[in-house]
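Structural overview for review
Letter by letter, the chains look like this.
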Amino acid sequence: MESKLEGFILKVNNLMINGSNNLENKKSNRVSTDFGNYFKDYLNKVNEYEAQSQDLEKKAAVDELDNIHQVMIAAQKSEVALGFMIEVKNKVLDAYKEIMRLQV
């Protein structure tokens, strides 16, 4: 999945860069690279939340945890982070589709 995501981000970056003049080109490249890095970092963070949640669920299943609240908090944290990431992905795809519809 990550290679498809990287390919999509590169396409968006190229589209942003090719559609602007040289002065804006440097700024767009920096901003789009920052967004790509931010998105990748957040994707990794969501993965960490999911792994932590699954680990706590396993510990709770074998009765290694005294506090079930930790499991519920980790599960909610993971769910909210994943939901946010999905919404950001949807907005990026909508923006990409809108850019593709522009006539030059």
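Refer to the preceding data block for the structure.
Considerations on the environment of Glu-48
Inspection of the secondary structure assignment puts Glu-48 in helix α2 (residues 22–61). A C-alpha to C-alpha distance of 8.5 Å links Glu-48 and Ser-78, two positions 30 residues apart in sequence.

Considerations on unusual backbone geometry
Only a minority of non-glycine residues have a phi that is not negative, and only a minority of peptide bonds are not trans. Residue Asp-63 is not a glycine yet carries a positive backbone phi of 65°. Tracing the chain through its elements places Asp-63 in the loop between α2 and α3 (68–101). Take Asp-63: its relative accessible area is 65%, and that puts it in the exposed class.

Some thoughts on empty space enclosed by the protein
By rolling a water-sized probe across the atoms, one finds the places where empty space is left. Enumeration over the complete set of coordinates arrives at 1 cavity of 30 Å³ or more. Looking at the largest cavity, its volume works out to about 40 Å³. Lining of the largest cavity is provided by Phe-35, Tyr-38, Phe-39, Tyr-42, Phe-84 and Val-88. At the level of elements, α2 and α3 are the ones that each hand at least two residues to the lining of the largest cavity. A total of 4 residues in the lining of the largest cavity trace back to one element, the largest contributor, which is α2.

What counts and what doesn't
Along each chain, numbering runs from 1 in the same order as the chain's sequence is written. Where totals are concerned, whole chains, interfaces and linings use all residues; where local detail is concerned, this predicted model gives features only for residues with pLDDT of at least 70, and gives and counts side-chain atom pairs only at 80 or more. Computation of side-chain values: all heavy atoms of the structure, hydrogens and water removed. Strands here are runs of E lasting at least two residues and helices are runs of H or I lasting at least four, both read from the DSSP assignment and numbered beginning at the N terminus. For each residue, the accessible area found with a 1.4 Å probe, counting protein chains only, is set against the maximum for its type, and the residue is called buried under 20%, exposed over 50%, and partly exposed in between. Of the two site types, the cavity is a set of points on a 1 Å grid over the protein atoms alone where a 1.4 Å probe fits but cannot get out, and the pocket is an open set with protein on both sides within 12 Å along at least five of seven lines, each lined by residues with an atom within 4 Å of a point. Grid points are joined across faces, edges and corners, and a volume is the space filled by probe spheres set on the points.

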